[in-house]
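Descriptive structure summary
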Amino acid sequence: MKTKIIIAALLLIVLQSCKMENTPEEYFDIAALNTNLFMEFGAKDFQTMQQNKEANQLLAFDEKSTFPAKSYEDHVLRFKVSYLKQSIQKIEDLKPTEETTPMINASLDLFNFVKDKYEKDYVKIAKLLDQKAPKETIDKAIAEM
């Protein structure tokens, strides 16, 4: 009888532990810590892109590899937006719980806001950079963003 109770208790523990698909660290890393991607969002990000372009380190990637971007627009669309979409997918793949749902939803709101900015405003500014528009025009577009 004692053995059956111990086996039942162990089985219950195993079953309970299987319900949690993500660790607390995974929730935090994927939903919160990844917001570090946006530390340079805005004017600073474009300065960094220009420095990277001058150093021939402006990147793009696809399913196979990472390679030099053809333009600022290419970098935004095939590096920044692509990476952001992957990050959003990872957040969406988290199993929501009562405790983690607010964090997941807030993270998705932020990531989708930034994705929208990348796809619209960043692309617009990247095109200006590619066209070598006057600095005042670029600065005005960044300020309006």
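Calculation notes
Residues numbered from 1 in each chain as written. Predicted model: local features only at pLDDT ≥ 70, side-chain atom pairs only at ≥ 80, totals over all residues. Heavy atoms only, no water. Axes fitted to C-alpha atoms, helices over the stretch in contact; angles between N-to-C directions. Helix = DSSP H or I, 4+ residues; strand = E, 2+ residues; numbered from the N terminus. Parallel < 35°, antiparallel > 145°, perpendicular 65-115°, else oblique. Buried < 20%, exposed > 50% of the residue type's maximum accessible area, 1.4 Å probe, protein only. Arc of directions from axis to C-beta. Contact = heavy atoms within 4.5 Å. pLDDT = per-residue confidence, 0-100. Core = buried A, V, L, I, M, F, W, Y, C linked by side-chain atoms within 4.5 Å.

This part takes up the packing of helix α4 (residues 72–93) against helix α5 (residues 101–130). One way to put it is that α4 packs onto α5 with a least axis distance of 9 Å and a crossing angle of 175 degrees. By the angle between their directions, the pair α4 and α5 is classed as roughly antiparallel.

Within helix α6 (residues 135–144), the full set of buried residues consists of Ile138, Ala141 and Ile142. Down the axis of α6, the buried side of the element spans an arc of 100 degrees, and every buried residue falls inside it. For α6, exposure combined with an orientation more than 90 degrees from the buried face picks out Glu136, Lys140, Ala143 and Glu144. Here the buried face of α6 lies against α3 (43–54) and α5.

If a residue is not glycine, its phi is most likely negative; likewise, a peptide bond is most likely trans. One non-glycine residue, Asn56, adopts positive backbone phi at about 60 degrees. Residue classification places Asn56 among the exposed residues on the basis of a relative accessible area of 64%. Even without glycine at this site, Lys132 takes up a positive phi of about 55 degrees. Within the secondary structure, Lys132 is located in the loop between α5 and α6.

In this model, the protein carries a mean pLDDT of 86, and residues with pLDDT of at least 70 account for 86%. Taken together, the stretch residues 8–12 has pLDDT below 50 and engages in 0 contacts with residues farther than four places along the chain or on a different chain.

As a further point, take the nonpolar core. Residues Phe46, Met49, Val76, Leu84, Tyr118, Ile125 and Ile138 are the most contacted members of the largest nonpolar core, which totals 32 residues. Taken together, the elements giving at least two residues each to this core come down to α2 (24–32), α3, α4, α5 and α6. Among the elements that make up this core, the one with the highest residue count is α5 (11 residues). If sequence neighbours within four positions are ignored, Ile138 has contacts with Ile125, Leu128, Leu129 and Ala133.

For Lys127, the location among the structural elements is in helix α5. Taking relative accessible area as the criterion, Lys127 reaches 38% and is therefore assigned partly exposed. Taking the C-alpha atoms as reference, Lys127 lies 8.5 Å from Ser71; in sequence the two are 56 residues apart.

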